[in-house]
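As a plain string of letters, each chain reads:
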Amino acid sequence: QHKHIGVDMSRQGVDEEEEDRKPVIKPGVHVTLKVRNTDGHTVYRTMRRTEQLQSLMDFYYASVPAVQRGTGRFLYDGGRLRGWQTPAELQMEDGDEVDFFTELLGGGG
């Protein structure tokens with residue numbers, strides 16, 4: 001039995017090395033964030049806590065083709081997110097929500 005467990009453990013190590021093909025979600029290393037816009041459309045993205053939030057923003061724009069890239073702002077906890085910030089820096093927790101607001105372009109009515 002001990003040999004069988006050893007084989008499983010070594011196989012698990014190989015999976016972690018091949019992270020590009022099959023990401024291993026590790027609590028504490030990864031965080032799943034939710035981006036919700038004013039229409040109630042929600043996009044989920046799991047990313048590393050040390051990854052820049054620009055990837056979350058790019059993913060959101062790619063997921064919602066109706067929204068033109070760069071036409072909105074991402075808010076978390078009342079503050080505007082910047083692409084160079086990371087979830088770790090902002091102490092984001094798994095399942096935290098980011099709000100997306102479309103910038104109003106043009107003059108008022």
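Conventions adopted
- Per chain, the residues get numbers from 1 upward, laid out in the order the sequence is written.
- Since the coordinates come from a predicted model, pLDDT governs what is reported: local features require at least 70, and pairs of side-chain atoms require 80 or more to be given and counted, while whole-chain, interface and lining totals use all residues.
- Each side-chain value is worked out from all heavy atoms of the structure, with water and hydrogens disregarded.
- We define a salt bridge as a side-chain nitrogen of Lys or Arg found within 4 Å of a carboxyl oxygen belonging to Asp or Glu.
- Exposure classes here rest on a 1.4 Å probe applied to the protein chains alone. A residue is buried below 20% of its type maximum, exposed above 50%, and partly exposed in between.
- Secondary structure elements follow DSSP: runs of H or I no shorter than four residues count as helices, runs of E no shorter than two count as strands, and numbering proceeds from the N terminus.
- Counting of polar contacts relies on pairs of N or O atoms within 3.5 Å, with two restrictions inside protein: one atom must be capable of donating a hydrogen and the other of accepting it, and residues adjacent in sequence are counted only when both atoms are side-chain atoms.
- Note on definitions: a residue-residue contact is assigned when non-hydrogen atoms from the two residues lie within 4.5 Å.

- The name given to the protein in an unreviewed UniProt entry is Ubiquitin-like domain-containing protein, with the source organism recorded as Aegilops tauschii subsp. strangulata.

1. A word on the pattern of salt bridges
Okay, step 1: Considering all chains together, one arrives at 4 salt bridges under this definition.
Okay, step 2: Of the charged contacts, one joins Arg45 and Glu51 as a salt bridge, the two residues approaching to 3.5 Å between their closest N and O atoms.
Okay, step 3: The exposure class of Arg45 is partly exposed, given its relative accessible area of 23%.
Okay, step 4: Classification of Glu51 as partly exposed rests on a relative accessible area of 24%.
Okay, step 5: Overlapping salt bridges, with partners in common, bring together Lys34, Arg36 and Glu97 in one network.

2. Considering the side chain of Thr86
Okay, step 1: As for its placement among the helices and strands, Thr86 is situated in the loop between strand E4 (79-80) and strand E5 (97-102).
Okay, step 2: Here the side chain of Thr86 touches Glu89 through a polar contact of 3.1 Å, landing on its backbone nitrogen.
Okay, step 3: Apart from residues no more than four positions distant in its own chain, Thr86 is found in contact with Arg49, Thr50, Glu51, Gln52 and Leu53.

3. Section: the environment of Ser63
Okay, step 1: One can find Ser63 in helix H2 (residues 54-63).
Okay, step 2: Residue class for Ser63 comes out partly exposed when judged on its relative accessible area of 31%.
Okay, step 3: Ser63 sits 19 residues away from Tyr44 along the chain, and the two C-alpha atoms are 9.8 Å apart.
Okay, step 4: At 2.8 Å, the side chain of Ser63 and the backbone oxygen of Phe59 are in polar contact.

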